[in-house]
Structures are given as structure tokens and as C-alpha cells.
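Reading the structure
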Amino acid sequence: MRSLVRNSVVVFMLLVVLGWIPLCSGRPDPSQRESLMREEAFRRTGGGVLLTQEELDLNTKVQKLKAQEMVLPEFPPTMHFFKATPFIQRSPIFSLLKRMPKGAALHVHDFSMVDMEWVVKNVTYRENCYVCFTDDQSVRFLFSFGQPKPLPHCSSWSLLKTLRSKIANSTALDNSFIRNLTLVTKDPDSAYPNQDIVWKKFEQAFLVVYGLVTYAPVFKDYFYEALREFYTDNVMYIEMRALLPETYELDGRRNDRAWSLQACQDVLRQFMREHADFFGARIIFTVHRGINDTEAIKAVEEAMKLHREFPEIMAGFDFVGREDAGRPLWYFREALSLPEERGVTLPYFFHAGETNYEGTEVDQNVLDALLFNTTRIGHGFAMVHHPLAKELSRKMNVAVEVCPISNQVLKLVSDLRNHPAAVLMSEGHPLVISSDDPAIFGASGLSYDFYEAFMAFGGMNSHLGTLKELSMNSIRYSSLSPEMKEKAFAIWQKKWDKFVSESL
Ligand SMILES: *[C@@H]1O[C@H](CO)[C@@H](O)[C@H](O)[C@H]1NC(C)=O
Ligand SMILES: *[C@@H]1O[C@H](CO)[C@@H](O)[C@H](O)[C@H]1NC(C)=O
Ligand SMILES: *[C@@H]1O[C@H](CO)[C@@H](O)[C@H](O)[C@H]1NC(C)=O
Ligand SMILES: *[C@@H]1O[C@H](CO)[C@@H](O)[C@H](O)[C@H]1NC(C)=O
Ligand SMILES: *[C@@H]1O[C@H](CO)[C@@H](O)[C@H](O)[C@H]1NC(C)=O
Ligand SMILES: [Zn+2]
């Protein structure tokens, strides 16, 4: 198809040069124009999807709604997500997208999937929950039988139950906890003037939630609630990047990584028994990219071991943390070559190119991820600046995981119409839409990110075929085996047909 397009352009140019199409005398040939426009529409994501009559009817309706929304003075993709949220919640397109079966969430992190209000209202109200207040106006939590040992730079621990009983109304305290657990604020531009400041608060939020979610009973309930929230948002399968930290019991006893993985597997099985149309979840084991090569070798060895022991749930390996501040993939080349050298399979799912510092070592991550045979690329925000990496990604069928809200909140781009994924989508580059850390961004599930992607990328050129392809891509580019994909597609198709007929 591509060469056909190229040929038609060459033929067109030839005709111009030979003077058979009189360009300078005024009017280009309208039929030539039509065919070029068709070719271009065909190239974009979803451009080749054939729609049924029902789907075409729904598309007409959707495009009409979209056109109305795009001319509003407050068009959400042009605004910061924290300001756009109430407008998105009122959008009829958003309600449609919430009901739409979105397939899989392929780029989400373990401790930022569950609504932080649930975390505060449910988790911090359990027995034996202690809080301390840090020197830099943040908080830490810990469950313990008795008074825990003090932390450096933190007040002495207070039992929350006692603290709450002393104040007449806990709402303000709870809201302050929620503000510590998310980035949400009324005026994001003045709260977060640059990437360093927003990343600092972002990493701080993980420290706040950490003491709560690594308490063994909470770890399980949190994962269950994560599955429930994504399932409710019409997501049928999840690939979750997880630190799989040690968890602790009330008496201070610790459980290792294998315990965490086993716990995820048990909770998942229970959830699937209770929700027959949920397809499952797999885990990508992650470590922080601030570690050194010796530690990386240990981490990769542990990943190989976990992959061998839990082949069903364990999908592979990745690094997390801010790319600009961490070590580049090339630094870890010795560790990352281990599986290949030992003849062991360990699929990689690298975050790469979550930066707009071009020409740095970190900017090279997109190419290096591909050289290490990554299964997908997390973010790939910098990819459009690397034509060869882009070609390679397409040739190797390595999809880019695009997380629009994350990229905006973490200040890679402000107006989402200018997001580089808009270019990738116009070329039909393999990609999926995901939500990264929805709970920290004040979002949930996948629908908010689908809304931003659908409204911002391609504008009126994105249509129901685009949504259908994006949804199918999430299964196509998952780590599931071909047989499992076929099963997943069958379930998805049923959900999709139901969605279309119910939306007309
Ligand atoms: C928290 O959620 C769990 C699981 O849904 C539930 O069993 C428990 O009663 C809730 N606890 C509180 C304090 O809300
Ligand atoms: C507690 O305070 C919040 C505002 O901080 C208020 O909205 C709420 O009504 C109060 N609740 C009670 C029971 O007084
Ligand atoms: C975090 O919680 C503390 C304690 O309640 C509070 O003083 C502080 O203002 C909160 N931080 C934010 C950013 O709201
Ligand atoms: C790597 O990091 C570990 C833990 O911080 C440290 O003990 C070790 O000395 C470091 N190794 C090298 C070679 O820097
Ligand atoms: C990547 O895959 C190619 C082709 O299968 C293989 O030759 C190469 O050794 C792999 N590289 C790594 C680092 O795994
Ligand atoms: Zn991520």
C-alpha cells in the first residue's frame, strides 16, 4: 500500500513536470486531490478499518457530537487536565467512551491505579494505622501493633484513630491526605512551574502511598480494587508494571517478592471467578532506573527466576523512574544481555523516550529499547525525532504506549493537539492508549486518556474506526499468546457489537 501511494505521488509529480497537469495556470485536478486525500485518510490509525452499517451510523452521531465540542471556547485537550476534568465529565463523547469496551490497559503502574479517595476512606480508616508529618509538609503512613520507631525528618507517629477522635470533623484532614497522594490542584501552572518540581511531587506521592499499600492485607485489597475500577471502566485485561516490593505484617514480619506475585495471582483468580467476562492481568516486574549495574544484574536475574516460576502472570521486565534523572538503557547493557546470553527468554517492556531533551544519552533510549528487542515502548514521546528508530519500531511491530494525560501533567506538552502521537497516528504507527498513573493525575481507568486521544489526535480525522483500531490494538500488542489473543478478541467483539447497537 505504501509503495502504491508513493507511486501515485511520483506519477503525479511527473505529470506536473511534463506540464500535463497545469498547476501554474490555476486549478489542480479535483479528482487527483480526492484520491490523495483518500490515500492520506487510509494511512492513519483506523483508516483501513471497515465499518458495518450500524458502526457507520454510530460514527455519524459521534462525529456530530465531536464537531459541536471542538468549537467550544473551553475545548478540553487544549487545557491542563486538572482544569479540563469538569468539562470532560460533562461531555457526551466521554460518556460514550466510558461505555466503550477499550480492550486492555497496557501501561499502568501498581500503586497509582486506585482512586486515592478509596485509599484514604478505606485504607487509612483500618485499625492500627499510624501517621507522621514530615519536615517538608508531607505525610507517611504505617500499620503497626505498637508505637513504631520514629522516621528521620518526621514527627512521632500518631495513631490515626486517636487523632481523628480528637478533631470534630476529619474531612479536612482526609482531604489533605488526598492532596498528598495526587498531583491535583486548582492552579497547576503556578504549583508546577517546571518538570523538576512536578516530578518531585510525583515521586513524593509514591512515598506517601507506599506505607499503606505494602501492608500485606492492603496489598491484596488494593490490587482487587484496581481490577474492579478498570473493569468498571470497561477494560477487560491489564498489563501492570509492578515493583513487587516486600510487604509487611502487623508484627513487622516481611514477605518477599514471590509472596507479592503469588498474592496477585490469587487475587486475580478470585476476581476472574467473580467476573466471567474479565480476561485477566499480567505483571511486568520493574526496578528503579537509579540503581547501578551490579544491582541491575541481580534484578534481571531475579526477573528471570520469577518469569520461570510464574510464567502465567509474569510478562517481563522494565525500569521505572524519571528517565531524564536516571540511567540510560545503554548503561545497563551488561545486565540486559544476560537472558540472551543464557538462552533464557525475558521479554522487555521499556519506558523509552519520555523526554524532550533531544540529543542526550536518555534520548537514545528509544533506539536502545529496540536493539534490546523490547516488546513495546512506554511513551516513546521522543520517537518522532528519530526516523530510523521509528522505522525499526514499525518494522518490528513494536507498539508505542501513548499516555496523553501523563505527558501533559508531567509537562512534556501542554496543548494535547501538539502531542507527537498525533503524528504517529496520522501515519498509522502501531500504538496503544494507556493511562500510566491515573490515580495520581485525578483520572481513573482508561476513558479520560481515550477522550484526550480521540479529541486531540487527528481532530475530525479520528472517527469510530480509529477508536475500534485503538481498542483492538491493545489486544493485538499485548503479551498474550496467539491463542489467548484469539479468545480475547472473541470476547471483545461481543462487547463491541453490544456497545454499538446500544449506542445508536
Ligand atoms: C475496605 O474495602 C474492603 C474490600 O472491599 C472491605 O471489605 C472493607 O470493609 C472496607 N473497609 C473500610 C474501612 O471501608
Ligand atoms: C466537615 O467539614 C467539611 C468541610 O471541611 C464540610 O463540608 C462537612 O459538612 C463537615 N461535616 C460535618 C459532619 O460537619
Ligand atoms: C499533606 O498533608 C499535610 C498533613 O495533613 C498537610 O499539612 C499538607 O498541607 C498536605 N500537603 C498538600 C500539598 O496538601
Ligand atoms: C551499587 O549499589 C549498591 C547499593 O547501593 C552498593 O552497595 C554498591 O557498592 C554499588 N556498586 C558499585 C559498583 O557502585
Ligand atoms: C534481538 O533479537 C534478534 C533477532 O531475534 C537476536 O539476533 C538478538 O540477539 C536479540 N538481541 C538481544 C539483546 O536480545
Ligand atoms: Zn510509566
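Here the structure is a predicted model, which means the values were calculated and not measured. (Residues numbered from 1 in each chain as written. Chains lettered and ligands numbered in written order. Predicted model: local features only at pLDDT ≥ 70, side-chain atom pairs only at ≥ 80, totals over all residues. Heavy atoms only, no water.)

**A look at the overall build of the protein**
- Scanning the protein from N- to C-terminus turns up 21 helices and 13 strands.
- Computed over the C-alpha atoms, the radius of gyration of the protein is 24 Å, within 12% of the 23 Å expected from 2.2 N^0.38 for a compact globule of 504 residues.
- Projected onto its principal axes, the C-alpha coordinates of the protein cover approximately 90 × 55 × 45 Å.
- Sequence separation of 24 or more characterises 77% of the internal contacts of the protein that already satisfy a separation of 6 or more.
- As displayed, the protein has an accessible area near 22600 Å², and 55% of this comes from carbon and sulfur atoms.
- Across the protein, the centroid of the 56 positively charged side chains sits 3 Å from that of the 62 negatively charged ones. (Helix = DSSP H or I, 4+ residues; strand = E, 2+ residues; numbered from the N terminus. Rg over C-alpha atoms; globule rule 2.2 N^0.38 Å. Contact = heavy atoms within 4.5 Å. Areas by Shrake-Rupley, 256 points an atom, 1.4 Å probe, with all protein chains shown as cover. Lys, Arg positive; Asp, Glu negative; His and termini not counted. Charge placed at Lys NZ, Arg CZ, Asp CG, Glu CD.)

**Considerations on the pattern of salt bridges**
- By the definition in use, this model includes 23 salt bridges.
- Between Arg376 and Glu239 there is a salt bridge, and its shortest N-O distance comes to 2.9 Å. With a gap of 137 residues between them, Arg376 in strand β11 (residues 376-379) and Glu239 in strand β5 (residues 237-242) connect regions that are remote in the sequence. Across the pair, exposure class does not vary: Arg376 and Glu239 are buried alike. (Salt bridge = Lys/Arg side-chain N within 4 Å of Asp/Glu carboxyl O. Buried < 20%, exposed > 50% of the residue type's maximum accessible area, 1.4 Å probe, protein only.)

**Observations concerning the coordination of the zinc ion (ligand 6)**
- Ligation of the zinc ion (ligand 6) by protein atoms is provided by His107 (NE2), His109 (NE2), His351 (NE2) and Asp436 (OD), these donors lying 2.1 to 2.3 Å from the ion.
- Its four donor atoms give the zinc ion (ligand 6) angles of 83 to 171° at the centre, a pattern that matches the irregular case.
- Ordering the donors of the zinc ion (ligand 6) by residue number gives the pattern H-x1-H-x241-H-x84-D. Separated by 244 residues along the polypeptide, His107 in strand β1 (residues 104-109) and His351 in strand β10 (residues 351-352) bring together distant segments of the chain. Of the two residues, His107 and His351, both sit in the buried class. (Donors = N, O, S within 2.8 Å, 3.2 Å for Na, K, Ca; no water. Tetrahedral: all angles 85-135°; square planar, octahedral: opposite > 155°, others 65-115°.)

**Description of the sheet that holds strand β8 (residues 280-288)**
- Strand order in the open sheet made by the four strands is β1-β5-β8-β9, with parallel pairing throughout. Unpaired on one side and paired on the other, β1 and β9 (314-320) mark the two borders of the sheet. For this sheet, the mean inter-axis angle between neighbouring strands, taken without regard to orientation, is 25°.
- In terms of strand pairing, β1 meets β5 through four bridges, oriented parallel. Following the sheet pairing, Ala104 is matched in β5 by Tyr237.
- Helix α11 (residues 216-232) rests against β1, β5 and β8 of the sheet, and its axis sits at about 140° to β5. (Pairing = 2+ DSSP bridges. Axes fitted to C-alpha atoms, helices over the stretch in contact; angles between N-to-C directions.)

**Topic: the state of the cysteines**
- One pass over the full model with this rule turns up one disulfide.
- Disulfide partner of Cys132: Cys154, at an S-S distance of 2.1 Å. Between Cys132 and Cys154 the disulfide shows an S-S torsion of about 95°. By sign, it is right-handed. One end of the pair, Cys132, is in strand β2 (residues 129-133); the other, Cys154, is in the loop between β3 (139-143) and β4 (158-159), with 22 residues separating them in the sequence. Of the two residues, Cys132 and Cys154, both sit in the buried class.
- The thiol of Cys264 is not disulfide-bonded; the next cysteine sulfur, from Cys403, is found 20 Å away. (Disulfide = S-S within 2.5 Å.)

**Quick word on the side chain of Ser435**
- As for its position among the elements, Ser435 is in the loop between β13 (431-433) and α19 (447-456).
- Setting aside chain neighbours within four positions, we find Ser435 in contact with His107, Val108, Phe230, Cys403, Phe441, Gly445, Leu446 and Asp449.

**Re the sheet that holds β2**
- Strand order in the open sheet formed by three strands is β3-β2-β4, and the pairing between neighbours is antiparallel. Here the strands that pair on one side only, and so sit at the sheet edges, are β3 and β4.
- Looking at chain direction, β2 and β3 are connected through five bridges and run antiparallel. Bridged to Val131 within β3 is Phe141.

**Thoughts on the site of ligand 3**
- Near ligand 3 you find Phe133, Gln137, Val139, Leu173, Ser176, Arg179, Asn180 and Lys201, and these make up its full shell.
- At a separation of 2.6 Å, an oxygen atom of ligand 3 approaches a polar side-chain atom of Ser176.
- Contact between ligand 3 and Asn180: an oxygen atom at 2.2 Å from a side-chain N or O atom of the residue.
- Surface burial for ligand 3 is 67%, taken as the share of its 360 Å² of free accessible area covered by protein chains.
- Here the element with the most residues in the shell around ligand 3 is helix α8 (residues 171-181); it accounts for four residues.
- Residues of the shell around ligand 3, tallied by class, amount to three nonpolar, three polar and two charged. (Near = heavy atom within 4 Å. Polar contact = N/O pair within 3.5 Å; in protein donor to acceptor, adjacent residues only side chain to side chain. Nonpolar A, V, L, I, M, F, W, Y, C, P; charged D, E, K, R; others polar.)

**Considerations on the domain arrangement of the protein**
- Each domain of the protein was delimited in the assignment, giving domain 1 (1-43), domain 2 (84-113 + 218-503) and domain 3 (117-200).
- Between domain 1 and domain 2, the C-alpha centre-to-centre distance is 40 Å. (Domains from an automatic or database assignment.)

**Here's the deal with the pairing of β9**
- With respect to burial, β9 is a largely interior element, seven of its seven residues being buried.
- In this structure, β8 lies alongside β9, joined through six bridges in parallel fashion. Pairing of Ile283 across the sheet is with Met314, part of β9.
- Note that the unit made of β8, helix α13 (residues 293-309) and β9 has a crossover that is right-handed. (Right-handed = clockwise from strand over helix to strand, strands pointing away.)

**Focus on the packing of helix α3 (residues 53-70) against α19**
- As a packed pair, α3 and α19 sit with axes 11 Å apart at the nearest point and diverge in direction by 85°. Classified by the angle between their axes, α3 and α19 sit roughly perpendicular to one another. In contact with Val62, Gln63, Lys66 and Glu69 of α3, α19 contributes Tyr451, Phe454 and Met455.
- Counted by class, the contact of α3 with α19 contains four nonpolar, one polar and two charged residues. (Parallel < 35°, antiparallel > 145°, perpendicular 65-115°, else oblique.)

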